[in-house]
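# Coordinate inspection notes
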Amino acid sequence: MQNFTLELQFQIISIGSASGLVYIDNSLFIISDNSSFLYEYNILEKKLSKTKLLANSQENITKKDKFDFESIVLKGNKLHILGSGSTPKREKRITYNLETKNVTEKDLSKVYQNLKQTGSISDDELNIEGASFFKKKWLLFQRGNGVNSRNGIFKINSLKTEFHTEFIKVQLPKIKHIETSFTDTILVEDKIYFLATAEDTTSTYDDGEILGSLIGRMDSQTFEIEFTQKISDNHKFEGLTLYTKTETDIQFLICEDNDTDVLETNIYKLTLNKE
């Protein structure tokens, strides 16, 4: 059991279905799973701006057409934004250079096909919801909310043409009768913190009733889970970024995917007291 507090920190109008965020120098970079923009919210000025990730970027894209950007991770001076891979349209990686503001696009269909083969995951059950980069390896987190409930971590040396992949299956706690499944992750020093949600569905495509969300921590070498703590009975938390860290506690900002067309996003501050 972890001592924690969860409080609403920001309400941002004009973003819906937030799915990932990165905090850098008083700015929040936010992605949405039904939009093809990258949003930047300046905390001090309370100002929102957005950048096109694709030539024909749109908001509130219909489910069958959306690119389902679910993962955003800072690597060097670039933000890497990954689609979930749950349909052919969702197999893109977008890179945003924080210095030059350049945006580049890469097709990850071959990489995702390799993930499915390595993890024995069917086409309709691949669902990458989090990503980290550690010791020259990409860690891609599979959300096991399909029929076969295959939560796990793909350890991959490259997102380029030549790559080697491992799949480590992970058992996550249940909330009520449903096993939770990864919704985002972040690397803090040598620990992986993760969010997981119990959603009453066996589809990576269709939404279900939300039964609660938890946060957990695992070792980045062994992937052994060190603790989990339920933080909500009814929120679907999907984005996780480090906010502040002291000797006594660690604070994260997390975002909620409301699974609606409402263009409004709530950002919460989650504080964990260190053991």
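As a reminder, the structure under discussion sits directly above these lines.
These numbers were taken from a predicted model, which means no experiment stands behind them. For every chain, the first residue of its written sequence is number 1, and the numbers climb from 1 along that sequence. In keeping with the model being predicted, local features are shown solely for residues with a pLDDT of at least 70 and side-chain atom pairs are shown and tallied solely at 80 or more, while totals for entire chains, interfaces and linings include all residues. To obtain the side-chain values, all non-hydrogen atoms of the structure were included, while hydrogens and water were left out.

### Brief notes about the overall build of the protein
- Numbered from the N terminus, helices here are DSSP runs of H or I no shorter than four residues, and strands are runs of E no shorter than two. For the protein, the count of helices and strands is one helix and 22 strands.
- Whereas a compact globule of 275 residues would reach a radius of gyration of roughly 19 Å, the protein reaches 17 Å, a difference of no more than 12%.
- Summarising its shape, the C-alpha atoms of the protein cover approximately 45 × 40 × 35 Å along the three principal directions.
- Relative accessibility decides the category of a residue: with a 1.4 Å probe and only protein chains considered, values under 20% of the type maximum give buried, values over 50% give exposed, and everything between is partly exposed. The proportion of buried residues among the 275 residues of the protein is 56%.
- Working rule for contacts: check all heavy atoms of both residues, and any pair within 4.5 Å makes them a contact. Of the contacts formed within the protein by residues at least 6 apart in sequence, a portion of 49% connects residues at least 24 apart.
- Of the roughly 12,200 Å² of accessible surface on the protein, a fraction of 45% belongs to carbon and sulfur atoms.
- None of His or the chain ends enter the tally, which takes Lys and Arg as positive and Asp and Glu as negative. A single reference atom marks each charge: NZ on Lys, CZ on Arg, CG on Asp, CD on Glu. Once the 34 positive and 41 negative side-chain charges of the protein are each reduced to a mean point, those two points are 5 Å apart. The reference for a compact globule is 2.2 Å times residues^0.38; the radius of gyration itself is calculated from the C-alpha atoms. The Shrake-Rupley method, run with a 1.4 Å probe, gives the accessible areas here. Residue values count only the displayed protein chains as cover.

### Details of the sheet that holds strand S12 (residues 152–156)
- Read across the open sheet, the four strands follow the order S10-S11-S12-S13; overall the sheet is antiparallel. Bordering the open sheet on either side are strand S10 (128–134) and strand S13 (165–169), each of which pairs with just one other strand. When strand polarity is set aside, the average angle formed by the axes of neighbouring strands in this sheet is 20 degrees.
- Two strands form a pair only when DSSP identifies at least two bridges running between them. For S12 and S13, the ladder comprises five bridges, and the chain directions are antiparallel. Paired with Ile156 across the bridge in S13 is Thr165.
- Orientation is described by axes fitted as lines to C-alpha atoms, over the contacting stretch for helices, and by angles from 0 to 180 degrees between their N-to-C directions. Contacting S10, strand S11 (137–142), S12 and S13, helix H1 (residues 109–119) crosses the sheet at an angle of about 50 degrees to S13.

### Quick look at the sheet that holds strand S18 (residues 209–219)
- Pairing within the open sheet is antiparallel, and its four strands lie in the order S16-S17-S18-S19. At either margin of the open sheet sits one strand with a lone partner, and together these are strand S16 (181–188) and strand S19 (225–232). Averaged over neighbouring strand pairs, the angle between their axes works out to 20 degrees when direction is ignored.
- Looking at chain direction, S16 and strand S17 (residues 191–200) are connected through seven bridges and run antiparallel. Residue pairing in the sheet places Asp184 in a bridge with Leu195 of S17.

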